[in-house]
Amino acid sequence: MSGKCRCRTQTWYIVLISFLLWFTLFYLYSSSITFSKKGDSFLGNNHTGFVDSSESFHDVGREETGESTDVKDINIGDNAEEANTEIEKEQTPIKVFVDGAKPIDQVLGLDKDLEAGNQTVAEENGTRSVETISGTENEDELSNKAVNFRDVDKPIDPSSMEEKRKEEVTKKKGTENVSKLQRGENAEDQPVDSFPIVKSRRERAKRPRRRNRSKQADSSPVMEKRIENVTVKLRQNVVRAESDSSSCSGRHIYIHNLPRKFNQDLLDNCLSLSFWTDMCECASNLGLGAPLPSNEKLYSRTGWFTTNQFLLEVIFHNRMKQYKCLTKDPSVASAIYVPYYAGLDVGRYLWDPDGFMRDYDAINLVKWLAARSEWKKMWGRDHFLVAGRINWDFRRDHKNESDWGNELLNFSESRNMTMLVIESSPWNNNDLAIPYPTFFLPSRDDDVFEWQNRIRRQKRRFLFSFAGARRPNLHESIRNEIIDQCLASTRKCKFLECDKSQKCHKPVFLMKLFQSSVFCLQPPGDSYTRRSIFDSILASCIPVFFHPGSAYVQYIWHFPKDYTKYSVLIPANDVKFGNANIERILQRIPRGKRVAMREEVIKLIPKVIYGDPSSRLGTIEDAFDLTVKGVLDRVETVRNQMRDGKEVNSEFDEEESCKYFTFGKLGVHEWDPFFSSKLGKLCT
């Protein structure tokens, strides 16, 4: 009896255990389905790849749309070889980073790769093979496989990338499989993205989920259009870079990096630059000074400033910083610019009887230059410097220390350089003149064209005019005779006296005077030249000179050789001794000739003005451009002479340099009497 009961008890235990096992299996099966719907499939968590079966399973697919994850149904194929074939057809998206112009062969290589990739994707009707990366890899390894054109120095080779991809496929066999996504009934027409690394459940929990978002395939028309635009821009940059390189051949300029005491420190201590003028205000705005108040009757809308004539070296330096053919390699430079503010430097001590301070910085500059390796290449003959004063401020007699100016232009080092000043010496060959700065410094070509058209229509009330003051202490000056003749022609001449009211230093009075006159008298003052020459040209007023040294032998890069086309020359001695009546001489010029001369003066305007240093003019060549071109030609001539073993400038005597530079030949000339001096020098 007890044995029978024992048997029944064992049978009950077996039934109970069987029921529990069945219930456990059913629970586990139900749980697996629930987990897979929530994105927590044990297949994904274990990182063991996909089971080789023909049945349909659920797995995790993470789309790279921010930090979101999506769950997709994956149909696993039975054929492993077919899966490997799909891996080999994978098209990895290429991200293009444009960081400047690339060589044209690299651009073309990129273009071909992109076209080939787009063709493959199009043949697969928008589908793309995807790759599941095993858990042994990490995101750093994946990111290292991306193509970044900032770090690649040569075009992409599709064959080499294909071989690397095949090697990776071989290593991943047994742990990877591939399938196509099924999205509804038209799964073949849907774009497919590659699977990234499947992260742990804990890492996924930290990121919010975003469903029903898919990344647009790289083969879309928008992406193709972007790639096409990038390719076109790269090609344009390459062509532009090659064009700029060819246009700069023989025009490269290197700027010396001088110690601050030779330039910037002078501007920082602007209060010490002058006893009478606020040079701090003049040096503002890149040397242009304050903008002029709006005056539609006298000025155009933009580009007008209260520019000081002694700030030319600052303006030129800032323009040079915008020069398109600058180089940081002095070995390839055709010329070397020395940004020393010589005029501002010596201007502090011109009235100081102690010559030591006037020469101090100038001596230190030439010592600094002579010690540089760039100097020894041509012994300074490829160097040039701009000084915003006349040459006599830098040619003190070395025997008289209390004399005017310093000795910058007399140093042996300086005599090898090209020194650009606002007035040169007719008896020396190392300094050449460039225009004074005017009140008009435009930033666009249209500003110049607009001003030329406006000034061409300007009506002229007076036949001639003069702005200046008498020179009672200068016996050789003809200022007194000119003023007397002007005052005698009350209806024909307008006189603006430069008295204590300082009207001659105010643009509004000068421009009003010049714009109302057909001719503007430009006699010598303390020296041959004066700023008024360029202010009158700006107003299209025909200049009347009394000495060829005022313009014709000075600005040889900026004025036409035929001076009769744009100016009138009345010998100073004829006026001095009463043999010339200015009004009668000007009245005899036919009206048609006056119109033609005015048109030539209007054409001169772009050549005698400096553009705004904060911008760059387009097609117009201003005074800066013509100066740089002249310097480069001069240096190239000297370089050829040195290459041929010739002595530099040996074909003419230095005292005849005014003839050689102006006419290109030597010999007796009608202007010889004009260039006599107290020292007995003749330009013959």
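As a reminder, the structure under discussion sits directly above these lines.
Please read all numbers here as calculations on a predicted model, not as lab measurements. (Residues numbered from 1 in each chain as written. Predicted model: local features only at pLDDT ≥ 70, side-chain atom pairs only at ≥ 80, totals over all residues. Heavy atoms only, no water.)

Asker: How would you sum up the sheet that holds strand β10 (residues 517-522)? Please name residues and give values.
Answerer: The strand order across the open sheet built from five strands is β9-β8-β10-β11-β12, with neighbouring strands paired in parallel fashion. With partners counted over all chains shown, the strands left at the sheet margins are β9 (493-497) and β12 (568-569), one partner each. Where strand β8 (residues 462-468) meets β10, three bridges bridge the pair, whose relative direction is parallel. Residue pairing in the sheet places Phe462 in a bridge with Ser517 of β10. Along the sheet, helix α18 (residues 507-515) makes contact with β8, β9 and β10, crossing β8 at roughly 155°. Along the sheet, helix α22 (residues 591-608) makes contact with β8, β10, β11 (542-545) and β12, crossing β11 at roughly 100°. (Pairing = 2+ DSSP bridges. Helix = DSSP H or I, 4+ residues; strand = E, 2+ residues; numbered from the N terminus. Contact = heavy atoms within 4.5 Å. Axes fitted to C-alpha atoms, helices over the stretch in contact; angles between N-to-C directions.)

Asker: Any chance you could break down the packing of helix α11 (residues 312-320) against helix α23 (residues 623-643) for me, citing the residues and the numbers?
Answerer: One way to put it is that α11 packs onto α23 with a least axis distance of 11 Å and a crossing angle of 80°. Judged by the angle between their axes, α11 and α23 are roughly perpendicular. In this structure, α11 contributes Phe316, Arg319 and Met320 to the contact, and α23 contributes Phe624, Asp625, Thr627 and Val628. (Parallel < 35°, antiparallel > 145°, perpendicular 65-115°, else oblique.)

Asker: How would you sum up the nonpolar core? Please name residues and give values.
Answerer: Phe519 and Phe546 are the most contacted members of the largest nonpolar core, which totals 96 residues. Counting 21 residues, the second-largest nonpolar core is a separate cluster that includes Val346, Ala387, Leu409 and Val421. (Core = buried A, V, L, I, M, F, W, Y, C linked by side-chain atoms within 4.5 Å. Buried < 20%, exposed > 50% of the residue type's maximum accessible area, 1.4 Å probe, protein only.)

Asker: Quick one: what's the story with the side chain of Ser532, residue by residue and with numbers?
Answerer: Locating Ser532 in the fold gives a position in helix α19 (residues 532-538). Excluding anything up to four places from it in sequence, Ser532 contacts Phe514 and Gln522.

Asker: Talk me through α11; I want residue IDs and the actual numbers.
Answerer: The element α11 is extensively covered by neighbouring structure, given that nine of its nine residues are classed as buried. Buried residues of α11: Leu312, Glu313, Val314, Ile315, Phe316, His317, Asn318, Arg319 and Met320, and no others. Contact partners of the buried residues in α11: β3 (253-255), α9 (264-268), β4 (335-338), α12 (342-347), β5 (383-386) and α23.

Asker: Requested: an account of the pairing of β4, with residues and values cited.
Answerer: Neither face of β4 is left uncovered, since the one carrying Ala335 and Tyr337 and the one carrying Ile336 and Val338 both have all their residues buried. Pairing analysis gives three bridges linking β3 to β4, with the strands arranged parallel. From the neighbouring strand, Tyr254 faces β4, where its bridge partner is Ile336. The pairing of β4 with β5 spans three bridges and is parallel. Within β5, the position partnered with Val338 by the bridge is Leu385.

Asker: Give a detailed account of the sheet that holds β5, specifying residues and quantitative values.
Answerer: The five strands lie next to each other as β3-β4-β5-β6-β7, forming an open sheet whose pairing is parallel. Of all the strands in the sheet, the pair left with one neighbour each is β3 and β7 (431-433). The mean inter-strand angle of the sheet, taken between neighbouring strand axes irrespective of direction, is 30°. As defined by bridge partners, β5 adjoins strand β6 (residues 418-421) across three bridges and the pair is classed as parallel.

Asker: Go over the pattern of salt bridges with me, naming the residues and quoting the values.
Answerer: Tallied over the entire structure, the rule returns 22 salt bridges. Put simply, Arg396 and Glu407 hold a salt bridge, and the shortest N to O gap is 3.1 Å. Residue Arg396 is located in the loop between β5 and α15 (412-416), and its partner Glu407 is located in the loop between β5 and α15; the two are separated by 11 residues in the primary sequence. Like Arg396, the residue Glu407 is buried in the burial classification. The shortest N-O distance in the salt bridge between Glu636 and Arg639 comes to 2.9 Å. Taken together, the residues Glu636 and Arg639, both in helix α23 and three residues apart, mark about one turn of the helix. A relative accessible area of 34% places Glu636 in the partly exposed class. (Salt bridge = Lys/Arg side-chain N within 4 Å of Asp/Glu carboxyl O.)

Asker: Would you mind going over the environment of Ala433 in detail, with residue names and values included?
Answerer: Mapped onto the elements of the fold, Ala433 is located in strand β7. Assessed through its relative accessible area of 3%, Ala433 is described here as buried. Along the chain, Ala433 and Val386 lie 47 residues apart, while their C-alpha atoms are 9.7 Å from each other. What Ala433 contacts, discounting residues up to four positions off in sequence, is Val421, Ile422, Glu423, Ser424, Gln554 and Tyr555.

Asker: Tell me about the packing of aromatic side chains, and please be specific about residues and values.
Answerer: Ring pairs (aromatic) are described by centroid distance and by the angle formed between their planes. Counted according to the given criterion, the structure contains 24 aromatic pairs. Here the aromatic rings of Phe275 and Trp276 are separated by 5.8 Å at their centres, their planes lie at 75°, and the arrangement is edge-to-face. Each member of the pair, Phe275 together with Trp276, is exposed. For the ring pair Phe534 and Tyr555, a centre distance of 5.0 Å and an interplane angle of 85° mean the geometry is edge-to-face. (Phe/Tyr/Trp six-rings, centres within 6.5 Å; stacked < 30°, edge-to-face > 60°.)

Asker: So what's going on with the side chain of Ser517? Which residues, and what values?
Answerer: Relative to the helices and strands, Ser517 resides in strand β10. Look at Ser517 and you get buried, because its relative accessible area is 0%. At a separation of 2.9 Å, a polar atom in the side chain of Ser517 contacts the side chain of Ser465. The residues contacting Ser517, other than those within four sequence positions of it, are Arg460, Phe462, Phe464, Ser465 and Cys541. (Polar contact = N/O pair within 3.5 Å; in protein donor to acceptor, adjacent residues only side chain to side chain.)

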